[in-house]
Amino acid sequence: MTSLPVIDIDPFGTEVLTDPYPLERALLDAGPLSYLSAHGIYAVARYDAVYAALRNWQGFQSGAGVGLSNFRTEKPWRQLSIVVEADPPHHDAPRRVLANLLGPRAQRRLRAEWMAKAHKMVGKVLDGTPGSTVEFDAVTAIAEKFPPRAVGDALGLPEEGRENLLPFSDFLLNAFGPRNELVAAGAPHAKFLTTWVMEHCRRDALTEDGLGGQIWAAADRGEITHEQAPGVVRSLFAAGFNTTVHALAAVMHALVTHPEQWARLRAEPSLARIAFDEAVRWASPVQTFFRTAVGDVPVGDHVVPDGAKVLMFLGAANRDPRRWADPEKFDLSRDPSGHVGFGFGLHQCVGQNLARLEAECLITALAERVETLELAAPGERRLNNTLRAWHSIPVRARLA
Ligand code: HEM
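Conventions and cut-offs
Residues numbered from 1 in each chain as written. Predicted model: local features only at pLDDT ≥ 70, side-chain atom pairs only at ≥ 80, totals over all residues. Heavy atoms only, no water. 1 Å grid on protein atoms, 1.4 Å probe; cavity = no way out; pocket = protein on both sides within 12 Å on 5 of 7 lines; lining within 4 Å. Points joined across faces, edges and corners; volume = space filled by probe spheres on them. Helix = DSSP H or I, 4+ residues; strand = E, 2+ residues; numbered from the N terminus. Nonpolar A, V, L, I, M, F, W, Y, C, P; charged D, E, K, R; others polar. Pairing = 2+ DSSP bridges. Near = heavy atom within 4 Å. Polar contact = N/O pair within 3.5 Å; in protein donor to acceptor, adjacent residues only side chain to side chain. Phe/Tyr/Trp six-rings, centres within 6.5 Å; stacked < 30°, edge-to-face > 60°. Buried < 20%, exposed > 50% of the residue type's maximum accessible area, 1.4 Å probe, protein only. Lys NZ or Arg CZ within 6 Å of the ring centre and 35° of its normal. Lys, Arg positive; Asp, Glu negative; His and termini not counted. Salt bridge = Lys/Arg side-chain N within 4 Å of Asp/Glu carboxyl O. Donors = N, O, S within 2.8 Å, 3.2 Å for Na, K, Ca; no water. Contact = heavy atoms within 4.5 Å. Axes fitted to C-alpha atoms, helices over the stretch in contact; angles between N-to-C directions. Parallel < 35°, antiparallel > 145°, perpendicular 65-115°, else oblique. Left-handed = near helix turned anticlockwise from the far one by under 90°. Core = buried A, V, L, I, M, F, W, Y, C linked by side-chain atoms within 4.5 Å.

**Describing the layout of surface pockets**
Thought 1: Taken as a whole, the largest pocket encloses approximately 520 Å³ of empty space.
Thought 2: As for the largest pocket, its lining consists of 20 residues, of which Met121, Glu144, Lys145, Pro148 and Arg149 are closest to the centre.
Thought 3: Looking at the lining of the largest pocket, the elements with two or more residues in it are helix 5 (104–125), helix 6 (138–143), helix 7 (146–155), helix 8 (165–174) and helix 12 (242–256).
Thought 4: Per-element tally for the lining of the largest pocket: the top contributor is helix 5, with five residues.
Thought 5: Of the residues that constitute the lining of the largest pocket, the class distribution is six nonpolar, three polar and eleven charged.

**Description of the pairing of strand 13 (residues 394–399)**
Thought 1: As defined by bridge partners, strand 5 (residues 133–137) adjoins strand 13 across five bridges and the pair is classed as antiparallel. Its bridge partner lying in strand 13, Phe136 is registered against Val395.
Thought 2: Where strand 10 (residues 370–375) meets strand 13, five bridges bridge the pair, whose relative direction is antiparallel. By the bridge assignment for strand 13, Thr372 is matched with Arg398.

**Let's talk about the site of the ligand**
Thought 1: By nearness alone, 27 residues border the ligand, and His91, Arg95, Arg291, His347 and Cys349 come closest of all.
Thought 2: Contact between the ligand and His91: an oxygen atom at 2.6 Å from a side-chain N or O atom of the residue.
Thought 3: Between an oxygen atom of the ligand and a side-chain N or O atom of Arg95, the distance comes to 2.7 Å.
Thought 4: Residue assignment for the shell around the ligand shows that the elements contributing at least two residues are helix 4 (92–101), helix 11 (229–239), helix 12 and strand 6 (288–293).
Thought 5: Of the residues that constitute the shell around the ligand, the class distribution is 16 nonpolar, nine polar and two charged.

**Concerning the packing of aromatic side chains**
Thought 1: In the structure shown here, the tally under the stated rule is seven aromatic pairs.
Thought 2: Judged by centre distance (6.2 Å) and plane angle (25 degrees), the rings of Phe12 and Phe290 are stacked. Taken together, the positions of Phe12 in the loop between strand 1 (6–7) and helix 1 (14–18) and Phe290 in strand 6 put the pair 278 residues apart, joining distant regions of the chain. Residues Phe12 and Phe290 agree in their burial class; the two are buried.
Thought 3: Positioned above the aromatic ring of Tyr47 is the side chain of Arg323, whose terminal nitrogen or guanidinium carbon lies 5.1 Å from the ring centre.
Thought 4: The ring of Trp390 is capped by Arg381, whose NZ or CZ atom sits 3.7 Å from the centre of that ring.

**Overview of the side chain of Glu358**
Thought 1: Its location among the elements puts Glu358 in helix 16 (residues 352–369).
Thought 2: Here Glu358 occupies a buried position and makes no salt bridge, while the nearest side chain of opposite charge, Arg273, is found at 10 Å.

**A closer look at the coordination of the iron atom of the ligand**
Thought 1: Within the protein, a single donor atom binds the iron atom of the ligand, namely Cys349 (SG) at 2.3 Å.
Thought 2: Here Cys349 shows up in the loop between helix 15 (314–317) and helix 16.

**Things to note about the sheet that holds strand 6**
Thought 1: Taken in spatial order, the six strands line up as 1-2-3-9-6-4 in an open sheet, and their pairing is mixed. Looking at the sheet topology across the chains shown, the edges are occupied by strand 1 and strand 4 (60–61).
Thought 2: Sheet analysis places strand 2 (residues 34–36) next to strand 3 (residues 41–44), joined by three bridges and oriented antiparallel. Across the sheet, the residue bridging to Ser34 is Ala43, located in strand 3.
Thought 3: Contacts from helix 3 (residues 47–55) reach strand 3, strand 4, strand 6 and strand 9 (309–313), with the element oriented near 125 degrees to strand 9.

**What to know about the packing of helix 5 against helix 7**
Thought 1: Close contact between helix 5 and helix 7 brings their axes to 11 Å; oriented N to C, the two are set at 150 degrees. One finds that helix 5 runs roughly antiparallel with respect to helix 7. The two elements helix 5 and helix 7 cross, and the hand of that crossing is right-handed. Contact residues: helix 5 offers Leu110, Trp114, Lys117, Ala118 and Met121, while helix 7 offers Phe146, Arg149, Ala150, Val151, Asp153 and Ala154.

**Quick notes on the nonpolar core**
Thought 1: Core analysis: the largest hydrophobic core is formed by 88 residues, its most contacted members being Trp114, Leu126, Phe136, Ile215, Phe237, Leu265 and Phe276.
Thought 2: Beyond its immediate sequence surroundings of up to four residues, Phe237 is in contact with Leu155, Leu157, Leu165, Phe168, Ser169, Trp196, Val197, His200 and Cys201.
Thought 3: Counting 28 residues, the second-largest nonpolar core is a separate cluster that includes Tyr47, Phe289, Val299 and Ala308.

See the structure below:
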């Protein structure tokens, strides 16, 4: 038996958050399980190992927190999610309610409305005549705008205060890492943002027919308790906005920097969904999250001891050459299904098809209007302990 590989690089350090690939490759080479000494945690990065670990909810629980803090031994300093940080049986009812609400019926209902919203937004940004050139920022003009508009309306939120949505989940997703300078930078606003969100999880802040109101209606039917309802609404605030913002930014960045793939997509717009999933595989906007070992859990030739925190490297698994041919290539010929960018198993993203629909609407609207795309200046990253995020992607588009 070989000894457990020990890596002393901080996965939440500025260097890794700026460029995660050297650490990911080191983890993939090291084996199915490594130890990250900077935080005294275990790491799983190979595709097969991540897949198996996410499936094993009995061995790797979420209920002790999907961040670095171990709420089995530490008093929670932040509010736990009653969805993503709950294990069965507590997870079952909230998950069922969300799966029902965000399922195929909602997608059918929202499709025409979101297509119209995407065309309107893209039309405003691409204000020019055919053959002219337009410059815009794919992050601030489109990616950051669309989810608050589309999902905010679907949720049944008032217009006022939507500017709090992205800072709230930015802070929350940073808080899954250590209390580093990224968490400190968001801390002064955290109380205000959390209060704003909790106020908007209340029934009287939400329209009756929106997703939020329907969660409360599910409580009236006894599918969840009335005490659970605000927590279930809150899970949409936490997980439904920034994740998609940076996935939309990722797919736009991928298409802007791969002109041949853009040409292909324009010729065959039905590739929009493949393009989105391939971008989620290629860029993994949600890079990592934690589980906690329940009992001693074997991984490969080694064991994760009871109570230890394990970091799942979705980004590394999505680029593991044991699973993907030419993994670093963004390629619309590939079948990206099976990527773990939305997680896997019991907690696999319950909003993934809504995210896909948002992307399909935007990409379709862009493909109708834009002949060629290029970077107008280098993109700028926004660092986050969980997200692979963008601050800005300046784009130059020639209109069709
Ligand atoms: C769970 C990623 C969009 C709601 C997750 C998980 C991942 C993820 C990786 C699993 C976390 C874990 O296993 O601990 C993403 C990405 C998105 C996206 C990359 C965009 C491309 C959305 C949207 C919504 C949403 C649009 C809601 C409208 C949720 C919820 C959970 C979740 C409620 C918790 C599910 C559970 O624990 O059963 N997401 N998500 N997500 N996501 Fe998403």
